[in-house]
Amino acid sequence: MRTPLKAEGRNHNCAASAGTGRNPGEDEGGAEGCPWMGTNSDPQTRGLLERALESCNMKLAWRKVRSNMGSEGVDGRTIADTELYLRSEWPRIRQSLLDETYQPYPVRRVEIPKPGGGVRKLGIPTVIDRLIQQAICQILSPIFDPGFSNSSYGFRPGRNAHDAIRAAREHQQGGKQWVVDLDLKQFFDEVNHDVLMSRLGRKVKDKRLKRLINAYLKSGVMCSDGMQATEKGTPQGGPLSPLLSNILLDDLDKELERRGHSFCRYADDCNIYVQSQIAGERVMQGITAYLEGTLKLKVNKEKSAVARPWKRKFLGFSFLKVFGEIKETLPSVTMKRFHSKVKKLFHEGLGRNVGRFIKENLNPVLRGWLQYFHPGVSWKLITSLDFWIRRRLRCMIWRQWKRPYTRMKRLMGLGIPHFRAEYAMNRRGPWWNSGLPVLRQAITPAFFQSLELYNLEDNFRAMRTTST
């Protein structure tokens, strides 16, 4: 598909100034090199806004926005609609950004239920604003990321939640088996704009770029009851919010390092590991005062606690102490959440073709769950989950066969003798029948393998082999 962000006007392309004999700094398109290709000059000596709007950076940003396939914002334009729109309107939008006359759209409020109760408020920017934010993020990340703490793992290149869990286990294995579990209350909704902008200004000297970021922070939220101003917070849903959260919370990381604490932070989830409960309570009191006094953030005292790590959960995982060795495990709340999600999936898939349901609905959920949670999974758990998934599918098929005579006929068609297929005439429910030996004999694991069901046990074995 053709990208909408072709070079517009004179010298907007990264190589457009080559051979002209003019100083690239005099051109309104900005610098001549792509920001990620490497340069000997200080990034602060050139206009960051121009660098963000360079053709090569915008093309990369568009590819990322398009690959994410997000929903439309308040303007109602989808990815495809925006692509057509930008083919003619991008030069005007670009010039308005450079002239500081561009007005970001308000974000569209979307509320999704949180696993622990309540709702998480997302703010969905328009596709155009997501594109501009992504371009800004690509310029700012190389400036800020090298200075971030090694104990920060969220929204950073080359780092993920598994790294955070591994570091947490190592802290505990080293003898720090009490955790200060800090929960920031509605972090993304409580970010103080002045505090954030002051941290941003430490490395960003381009005033136009700072004013544009501030405009995004104050763009407002479109709710069901109308437009609401945003005097604080950075809405979740935009590409820029994760980077801004790390910029703000980097001060917390540096304060913890200054005090000599062992900790792991992933976005607004922060665990500090200490050697005793008394030390943990002292750290909780001191860090809470710092967060609320210096960073103007709120600590949720009901959800924060000083406890043993195996009594808390971190990024969906918990820990288990076995003969002095710390291992990752999955808490019951994580497993209940997975079971509920799969049950809902099967309920919504009633009446659908089983093979298509497996490929389009079930497999992506199973694959994503195992890829994330496999460090805390045991062989016993994975085997029982595979059995449970297959029984759910048999229950689904049994429901689709509907009538007793049809069920008996289908069983016989699958090689079951007539006298055994008569079990289909019982008056028991679908779940009870899905566990019958005769149904397991008729609909075997090989049958589901032919439908390309994602086998948890086989893939878990492959992941374990790769990791070792």
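K.L.:
Describe a nonpolar patch on the surface, and please don't skip the residues or the numbers.
P.N.:
On the surface, a cluster of nonpolar side chains totalling about 240 Å² of accessible area is made up of Val 74, Met 222 and Met 227. Within the element layout of this structure, Met 227 appears in strand 5 (residues 226-228). Using a relative accessible area of 46% as the deciding quantity, one classes Met 227 as partly exposed.

K.L.:
Would you mind going over the sheet that holds strand 4 (residues 221-223) in detail, with residue names and values included?
P.N.:
Here we have four strands laid out as an open sheet, ordered 2-1-4-5, and mixed in their pairing. The open sheet has two free edges, formed respectively by strand 2 (119-124) and strand 5, since each of these has just one partner strand. Ignoring which end each strand starts from, the neighbouring axes of this sheet average 40° apart. In terms of strand pairing, strand 1 (residues 107-113) meets strand 2 through six bridges, oriented antiparallel. For Val 110, the partnering residue across the bridge sits in strand 2 and is Leu 122.

K.L.:
Got a sec to walk through the packing of helix 13 (residues 379-401) against helix 14 (residues 404-413)? Specific residues and values, please.
P.N.:
Taken N-terminus to C-terminus, the directions of helix 13 and helix 14 make an angle of 125°; their axes are 8 Å apart at the nearest point. Considering the angle they form, helix 13 stands oblique to helix 14. Here helix 13 contributes Trp 398, Arg 399 and Trp 401 to the contact with helix 14, which in turn contributes Thr 406, Arg 407, Arg 410 and Leu 411.

K.L.:
Outline the side chain of Arg 77, supporting the account with residue identities and numerical values.
P.N.:
Relative to the assigned elements, Arg 77 resides in the loop between helix 2 (55-68) and helix 3 (79-98). A distance of 3.0 Å separates the side chain of Arg 77 from the side chain of Asp 75, its partner in a polar contact. Not counting chain neighbours up to four residues away, the residues in contact with Arg 77 comprise Glu 72, Thr 82, Tyr 85, Tyr 105, Val 127 and Ile 128.

K.L.:
Describe a positive patch on the surface, with residues and values.
P.N.:
On the surface, Lys 114, Arg 120, Lys 303, Lys 313 and Arg 337 cluster together to form a positively charged patch. Along the polypeptide, Arg 120 turns up in strand 2.

K.L.:
Please give an account of the sheet that holds strand 8 (residues 305-307) that cites residues and values.
P.N.:
With respect to topology, four strands assemble into an open sheet ordered 6-7-3-8, the strand pairing being antiparallel. Of all strands in the sheet, those with a lone pairing partner are strand 6 (262-266) and strand 8, marking the two edges. Mean inter-strand twist for the sheet, computed between neighbouring axes without regard to direction, equals 20°. Where strand 3 (residues 178-183) lies against strand 7 (residues 269-274), six bridges are found, and the strand directions are antiparallel. Within strand 7, the residue paired with Asp 183 across the bridge is Asp 269. Relative to strand 6, helix 9 (residues 240-258) is tilted by about 170°, and along the sheet it contacts strand 6 and strand 7.

Reading the values: rules and limits
Residues numbered from 1 in each chain as written. Predicted model: local features only at pLDDT ≥ 70, side-chain atom pairs only at ≥ 80, totals over all residues. Heavy atoms only, no water. Patch = residues over 30% accessible without salt bridge, like charges linked within 9 Å, V, L, I, M, F, W, Y side chains within 5 Å. Areas by Shrake-Rupley, 256 points an atom, 1.4 Å probe, with all protein chains shown as cover. Salt bridge = Lys/Arg side-chain N within 4 Å of Asp/Glu carboxyl O. Helix = DSSP H or I, 4+ residues; strand = E, 2+ residues; numbered from the N terminus. Buried < 20%, exposed > 50% of the residue type's maximum accessible area, 1.4 Å probe, protein only. Pairing = 2+ DSSP bridges. Axes fitted to C-alpha atoms, helices over the stretch in contact; angles between N-to-C directions. Parallel < 35°, antiparallel > 145°, perpendicular 65-115°, else oblique. Contact = heavy atoms within 4.5 Å. Polar contact = N/O pair within 3.5 Å; in protein donor to acceptor, adjacent residues only side chain to side chain. Lys, Arg positive; Asp, Glu negative; His and termini not counted. Charge placed at Lys NZ, Arg CZ, Asp CG, Glu CD.

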